[in-house]
Amino acid sequence: MPGFSGELTAALRPVELGCAVERMIDPGAALKTLHWGRNYLYLTRIATLAGPLEVVVKQFRHRGLRERLRRRLRGSKAASSWRVAQALLAAGIPTPEPVMLLESAEEAGPAFYVCRYLGDVLEARYLLRAANAGRAAELFPEIDLERFLRGLGCQVRRLHDAGFWHRDLSMGNLLLSRRGCLAGPAGPEQPYTTYLVDLNRARVGRRLTLSERARDLSRLAILEPEHQALFLGSYWAGDGTGATAAPGAEPRFARGFYLAYHHAFLWKNRWKERLRGGRRRSGSSLTRAPHAHIPAAPPDAAMRDKIVWDRLSDQPHQHAGRLDKLRVRLADARVHAAVAGTVARALPRICRRYRELRRELHAVPVDWGGAGVCLRPWPEAPEALLALVEELGARHLLIRLHPWQEEHGAEEELARELHRRGYELSFALPQSRELVRDPARWRASLEAIGERFARFGPRFQVGQAINRSKWGVWHLREYVELARAAEEVLRRQPGVELLGPAVIDFEFHVTAAVLNLRRAGFSFDAVSALLYVDRRGAPENRQAGLDTVDKVLLLKAIAETGRNSNGGGRCWITEVNWPLREGPHSPAGRAVAVDEQRQADYLARYYLLTLGTGLVERVFWWQLAARGYGLVDPADPAAPRQRPSFLALRTLLAQLAGTRLEQVLGGRAGAPGGAPAAGAPFGTRHADASVGAGPGRLFRFRPRLPGPRPADSPVSEPVSEIIVGWSPVPSRATLPRPPVAIYGRDGERLELPGGGAQAGREVELTPSPRYFHLAP
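Residues numbered from 1 in each chain as written. Predicted model: local features only at pLDDT ≥ 70, side-chain atom pairs only at ≥ 80, totals over all residues. Heavy atoms only, no water.

### A few points about the overall build of the protein chain
Phase 1 of the analysis: Each helix and strand counted, the protein chain has 22 helices and 33 strands in total.
Phase 2 of the analysis: Per-residue burial for the protein chain yields a buried fraction of 55% across its 776 residues.
Phase 3 of the analysis: Contacts in the protein chain between residues far apart in sequence, at least 24 positions, make up 72% of those at least 6 positions apart.
Phase 4 of the analysis: Within the structure as shown, the protein chain displays about 33,700 Å² of accessible surface, and the carbon and sulfur contribution to it stands at 53%. (Helix = DSSP H or I, 4+ residues; strand = E, 2+ residues; numbered from the N terminus. Buried < 20%, exposed > 50% of the residue type's maximum accessible area, 1.4 Å probe, protein only. Contact = heavy atoms within 4.5 Å. Areas by Shrake-Rupley, 256 points an atom, 1.4 Å probe, with all protein chains shown as cover.)

Have a look at this one:
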């Protein structure tokens with residue numbers, strides 16, 4: 001095929017080979033990320049004559065000189081995987097059935113190994129970890145550990161006797177068939193089926209030495225002596241039954257070789273982890289290898305212009321390395337020095353106002369509201385997107401437009417329909433390097449956008465992540481020109497409000513600089529920030545001594561004291577998310593990625609912490625439907641999957657609709673035992689509710705107006721208060737009165753605590769927020 005060559009299994013040939021190849025080499029078509037590291041594994045689906053087939057695609061990259069030289073001399077790793085898989089199946093050793101081998105015609109291009117997906121399997125690593133911790137029977141009651149170890153020993157012996165040296169026989173490269181585990185008890189004559197994967201390092205057709213055998217065996221993390229005896233005894237028995245070895249079956253020096261290699265392997269892994277951690281902390285890498293799907297920068301691009309669009313993470317990618325960036329920063333040193341002077345002059349009044357806001361925190365009730373979500377059009381499923389918006393229940397929506405596009409028909413259609421349904425719409429206007437370099441084009445795009453979209457919503461955020469060079473702005477003078485043009489062009493539309501400067505992460509010195517520039521030529525009706533705290537983990541974690549609430553206080557202080565803020569210090573958080581471990585779809589690295597459950601916990605707690613201050617008007621999650629970070633996984637447009645974070649936000653909105661935050665206990669807001677916080681919040685009694693000495697928190701809400709709950713309320717019982725409680729680590733808290741209903745983070749109804757009146761007041765707090773409904 002043009003650009004590719006390879007082989008395929010005839011029985012699994014796709015109906016449309018060209019379409020299948022395009023789908024398999026495109027990470028954007030993946031249904032699920034399976035592994036994200038040096039190589040990338042993902043699940044996709046192809047159409048064959050026998051029907052739909054789910055396959056695993058493993059992508060091997062060859063960007064480095066070493067990888068290209070190895071490919072030239074020995075072939076690609078994908079080709080090695082293909083050959084070894086065929087040989088294993090011919091020898092009767094289980095491995096996922098190979099489907100296709102794809103080789104790029106370019107020397108530095110990727111190669112792909114495609115095999116059948118085994119859905120009902122368990123990575124042996126989890127079983128062995130549980131066994132090493134003494135919890136195998138508890139965590140995997142359906143698996144007979146002794147039977148598994150004996151069968152594994154037999155299988156590895158068969159592998160070696162057949163002339164295969166795996167060379168990477170780790171516990172992560174063994175897949176245990178769960179179907180065999182649930183089939184009921186069986187004797188040693190019928191071991192569990194275990195599939196071998198990650199075959200690219202294997203050697204075939206050799207007579208293994210004792211040392212080579214021991215090197216393979218030593219990589220399996222079987223740590224307990226009795227488990228090692230079972231495994232090695234079965235291996236050296238050599239009769240295929242898994243029976244205990246006969247005396248003398250184990251060769252001389254075999255145990256010594258095994259133990260030496262095993263301890264060396266464990267020592268090497270410990271040092272690799274330490275070295276990797278040190279590199280992550282120091283950030284010593286000067287270059288980054290982009291993922292294979294990211295296009296290269298134009299060959300004639302200047303240092304400032306090596307920016308391309310990454311369609312999978314929906315953001316730009318900066319090809320300029322650290323040295324290139326340093327040279328640009330040094331060239332702009334005079335501009336940066338002037339910015340530093342502006343910040344220094346504004347710092348005293350910012351600090352004074354910050355201290356005042358901190359003393360006043362939670363001193364008055366706060367009307368709950370302002371939770372929203374960001375959107376982009378979903379051309380594959382526009383009706384599904386609208387249905388998800390309706391189901392979520394957020395009334396505040398932020399649509400990101402792309403001013404560098406010539407056509408905005410999909411965005412206009414989406415905005416028109418949402419406006420017709422009564423949603424409050426706002427618009428984000430990110431810049432690109434091309435628009436920064438071409439002011440006339442930026443102005444023309446703003447004129448077209450203002451005329452088309454101001455009728456649907458009057459608020460426009462000018463810029464996007466202006467402190468990140470990949471978004472096209474290298475210094476503040478470039479952003480000032482963008483903001484001045486927006487002031488002149490967009491203000492022509494009646495009632496328009498401008499938001500900015502849209503600084504990302506906790507780099508508020510840039511926000512302070514923009515808001516205090518003299519003769520700036522623009523002003524913002526509300527100060528916007530993309531306040532990501534994901535690199536610190538939980539929203540309660542601190543950075544430079546400040547947690548998320550402190551950062552909101554500082555943002556408010558900067559907004560209220562800024563010269564170019566004319567809205568009385570109004571603040572919006574226009575983007576936040578926690579990226580997921582979903583390969584190149586994730587907008588940040590693996591070090592900060594989380595799983596879906598933790599993302600949902602952090603989302604609910606972030607909204608409560610930020611909106612609970614009463615200092616920000618809106619908080620938007622980026623975005624509703626997106627791979628790698630969105631509330632909904634759009635991999636299958638016909639049946640989009642709602643992630644736990646979708647359920648968490650839907651529950652938060654439904655539970656707290658029409659309420660007012662009247663008390664905060666725990667953290668810095670209240671002392672242990674319910675003692676009053678600074679300012680004695682809201683004049684309520686503090687002895688009737690308390691949290692322990694740990695990090696637990698209670699947010700006490702009451703309806704703003706008396707009367708029945710809304711028709712779409714999740715409960716029908718009369719409710720006078722809703723207390724939202726959580727703790728980063730499990731802890732206990734005491735409520736004012738026993739709850740009449742308890743709801744979990746995702747809206748599920750939980751069991752009420754038992755016991756008498758006092759016992760019923762004692763509740764457990766977990767990392768997932770819970771909603772405790774109290775009767776009048």
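### A few points about the side chain of Q155
Phase 1 of the analysis: With respect to the helices and strands, the residue Q155 is situated in helix 6 (residues 145–161).
Phase 2 of the analysis: Within polar-contact distance, the side chain of Q155 engages the backbone oxygen of T194 at 2.5 Å.
Phase 3 of the analysis: Every residue in contact with Q155, bar those within four places of it in the chain, is listed here: I93, P94, Y192, T194 and L196. (Polar contact = N/O pair within 3.5 Å; in protein donor to acceptor, adjacent residues only side chain to side chain.)

### Examining the pattern of salt bridges
Phase 1 of the analysis: Throughout the structure, instances matching the rule amount to 61 salt bridges.
Phase 2 of the analysis: Between D161 and R157 there is a salt bridge whose closest N-O contact spans 3.0 Å. Note that D161 and R157 are positioned in helix 6 at a spacing of 4 residues, about one turn of the helix.
Phase 3 of the analysis: Here the salt bridges share partners, and the residues they tie into one network are E424, R459, E497, R570, E617 and R618. (Salt bridge = Lys/Arg side-chain N within 4 Å of Asp/Glu carboxyl O.)

### Overview of the sheet that holds strand 33 (residues 770–774)
Phase 1 of the analysis: Strands sit in the order 14-25-27-28-33-30-31 across an open sheet of 7 strands; the sheet is antiparallel. Two strands in the sheet have a free side with no partner beyond their single neighbour: strand 14 (366–367) and strand 31 (749–750).
Phase 2 of the analysis: Contacts from helix 21 (residues 644–656) reach strand 25 (659–666), strand 27 (697–703), strand 28 (721–726), strand 30 (739–743) and strand 33, with the element oriented near 20 degrees to strand 33. (Pairing = 2+ DSSP bridges. Axes fitted to C-alpha atoms, helices over the stretch in contact; angles between N-to-C directions.)

### Some points on the environment of W442
Phase 1 of the analysis: Counting through the fold element by element, W442 comes out in helix 16 (residues 439–453).
Phase 2 of the analysis: With residues near it in sequence (within four places) discarded, W442 still touches P403, L429, P430, Q431, L435, V462, L482, A485 and A486.

### Some thoughts on the sheet that holds strand 22 (residues 618–621)
Each strand in a sheet pairs with its neighbour through backbone hydrogen bonds, running either in the same direction (parallel) or in the opposite one (antiparallel).
Phase 1 of the analysis: Read around the barrel, 8 strands follow the order 15-16-17-18-19-20-21-22 and close on themselves; strand pairing throughout is parallel. Taking each pair of neighbouring strands and ignoring which way they run, the sheet shows an average axis angle of 25 degrees.
Phase 2 of the analysis: Direction of pairing for strand 15 (residues 371–375) relative to strand 22: parallel, over a ladder of 3 bridges. Bridge pairing in strand 22 places V373 opposite W621.

### A closer look at a positive patch on the surface
Phase 1 of the analysis: On the surface, a cluster of positive charge is contributed by R38, R66, R201, R215, K268 and K272.
Phase 2 of the analysis: Considering the arrangement of structural elements, one finds R66 in helix 2 (residues 65–74).
Phase 3 of the analysis: Look at R66 and you get exposed, because its relative accessible area is 72%. (Patch = residues over 30% accessible without salt bridge, like charges linked within 9 Å, V, L, I, M, F, W, Y side chains within 5 Å. Lys, Arg positive; Asp, Glu negative; His and termini not counted. Charge placed at Lys NZ, Arg CZ, Asp CG, Glu CD.)

### Notes on helix 21
Phase 1 of the analysis: Taking 1.5 Å per residue, 13 residues should reach 18 Å; helix 21 reaches 18 Å between its end C-alpha atoms and fits that length.
Phase 2 of the analysis: Buried residues dominate helix 21, accounting for 10 of its 13 residues.
Phase 3 of the analysis: The complete set of buried residues in helix 21 reads P644, S645, F646, A648, L649, T651, L652, L653, Q655 and L656. (Expected span 1.5 Å × (residues − 1).)

### With respect to the packing of helix 13 (residues 382–392) against helix 14 (residues 409–420)
Phase 1 of the analysis: Close contact between helix 13 and helix 14 brings their axes to 12 Å; oriented N to C, the two are set at 35 degrees. Every pair of crossing elements has a handedness; the one defined by helix 13 and helix 14 is right-handed. On helix 14, the residues that touch L385, L386 and V389 of helix 13 are L414, E417 and L418.
Phase 2 of the analysis: Counted by class, the contact of helix 13 with helix 14 contains 5 nonpolar, no polar and 1 charged residues. (Left-handed = near helix turned anticlockwise from the far one by under 90°. Nonpolar A, V, L, I, M, F, W, Y, C, P; charged D, E, K, R; others polar.)

### Thoughts on the nonpolar core
Phase 1 of the analysis: Counting 118 residues, the largest nonpolar core has L418, F460, L624 and L631 as the members making the most contacts within it.
Phase 2 of the analysis: Considering each element in turn, this core owes the most residues, 9 residues, to helix 17 (residues 476–490).
Phase 3 of the analysis: Excluding its chain neighbours within four sequence positions, the residues that come into contact with L631 are V373, L392, L603, W621, Q623, L624, R641, Q642, R643, S645, F646 and L649.
Phase 4 of the analysis: The next biggest cluster of nonpolar side chains, apart from the first, holds 48 residues, and it includes V56, A85, A136 and W236. (Core = buried A, V, L, I, M, F, W, Y, C linked by side-chain atoms within 4.5 Å.)

Function cannot be read off these values alone, since they describe shape.
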